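Observations on the three-dimensional arrangement
Chain by chain, the residues run as shown.
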Amino acid sequence: MNVETLEDLFGYQLQHAYYVERTHVELLDEMAADARNDDLAERFATHRDETERQAERLEDVFAAMGRQPRASRSRAVDGFAASRRNRIESSDGNEDGQAPPMHVDLGIGLAAERLEIRTYEGLLRLAGRLAYADDVVEPLEATLAEERETRQRLEDVETETSIVDSLEH
Ligand SMILES: [Fe+2]
């Protein structure tokens, strides 16, 4: 799509966010199934369900703007999925040749949350400039709060596991 105005940019970013959320549902599904740490498995599974609702919220935003939901490819999120696949296919780092080590999925999970947070912050900045109404702004704010919460929870797991690791070595 041609991006010439702030409205165009908002529409483009919205399509981008929709792609990220839908791709992220699949990624979280895989990471929850593979996680050997119960706490991490539960966080990924919970956020998977949350992410499905976030994609639906974006559909509501498209509807509020009188548009059909459309997804625009995001190379960043494709990169997360590809690097995870490569890690599984390569023999290094995992004993059973299946799931990547925990720190890999934790790193991917955190990188995905940071990408989503930046995306929603950008959308909300544009929505503010464009003076969009609550039916556009509120769903984006609700999702941003959930993404920040998930980032925090994953950072907590990262801190806990690095403390445990350092005690074990
Ligand atoms: Fe997320």
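Let me sum up the structure you'll find in this document. Keep in mind it's a predicted model, so treat the numbers as computed, not measured.

Here the focus is the overall build of the protein chain. When its secondary structure is counted, the protein chain shows five helices and zero strands. Reading the protein chain from its N terminus to its C terminus gives the helix and strand order α-α-α-α-α. A principal-axis box enclosing the C-alpha atoms of the protein chain has dimensions of 55 × 30 × 25 Å. Evaluated residue by residue, the protein chain yields a buried proportion of 25% over its 169 residues.

Glancing now at the environment of A64. Position of A64 relative to the elements: it lies in helix α2 (residues 38–64). On a C-alpha basis, the gap between A64 and D134 in space is 9.6 Å, while along the polypeptide they are 70 residues apart. For A64, the contacting residues outside a window of four places in its chain are D135 and V136.

Glancing now at the environment of L28. Examined against the element boundaries, L28 turns out to sit in helix α1 (residues 6–34). The spacing of L28 and T51 is 23 residues in sequence and 8.8 Å in space, taken between C-alpha atoms. Those residues in contact with L28, other than ones at most four positions away along the chain, are F44, H47, R48 and T51.

Given a rise of 1.5 Å per residue, 27 residues ought to cover 39 Å, and the 39 Å separating the end C-alpha atoms of α2 matches this to within 8%. When we look at burial in α2, the residues that qualify are L40, R43, F44, H47, T51, Q54, A55, L58 and V61. Positioned one or two residues after α2, G66 has a phi angle of 70°, which is positive.

What follows covers the nonpolar core. The nonpolar side chains of a soluble globular protein tend to be buried with one another. Of all hydrophobic cores here, the largest spans 24 residues; its most connected members are L14, A17, L58 and L123. Listing elements by their share of this core, those giving two or more residues are α1, α2, α3 (75–89), α4 (102–129) and α5 (134–168). Broken down by element, this core gets its largest block of residues, eight residues, from α1. Setting aside its immediate chain neighbours within four residues, A17 contacts L58, T119, Y120 and L123.

Next up on the list: unusual backbone geometry. The phi dihedral of A131 falls on the positive side, at around 55°, and the residue is not glycine. The residue A131 is located in the loop between α4 and α5 in this model. What makes A131 exposed here is the crowd of 7 C-beta atoms within 10 Å.

So, on to the packing of α1 against α2. Interhelical geometry of α1 versus α2 gives an angle of 160° and a closest axis separation of 8 Å. Considering the angle they form, α1 stands roughly antiparallel to α2. In this structure, α1 crosses over α2, and the sense of that crossing is left-handed. Contacts from L14, A17, Y18, E21, R22, H24, V25, L28, D29, M31 and A32 of α1 reach α2 at A41, F44, A45, H47, R48, T51, E52, Q54, A55, L58, V61 and F62.

Calculation rules
Residues numbered from 1 in each chain as written. Predicted model: local features only at pLDDT ≥ 70, side-chain atom pairs only at ≥ 80, totals over all residues. Helix = DSSP H or I, 4+ residues; strand = E, 2+ residues; numbered from the N terminus. Buried ≥ 20, exposed ≤ 12 C-beta atoms within 10 Å, placed from the backbone. Contact = placed C-beta atoms within 7 Å. Expected span 1.5 Å × (residues − 1). Core = buried A, V, L, I, M, F, W, Y, C linked by C-beta atoms within 7 Å. Axes fitted to C-alpha atoms, helices over the stretch in contact; angles between N-to-C directions. Parallel < 35°, antiparallel > 145°, perpendicular 65-115°, else oblique. Left-handed = near helix turned anticlockwise from the far one by under 90°.

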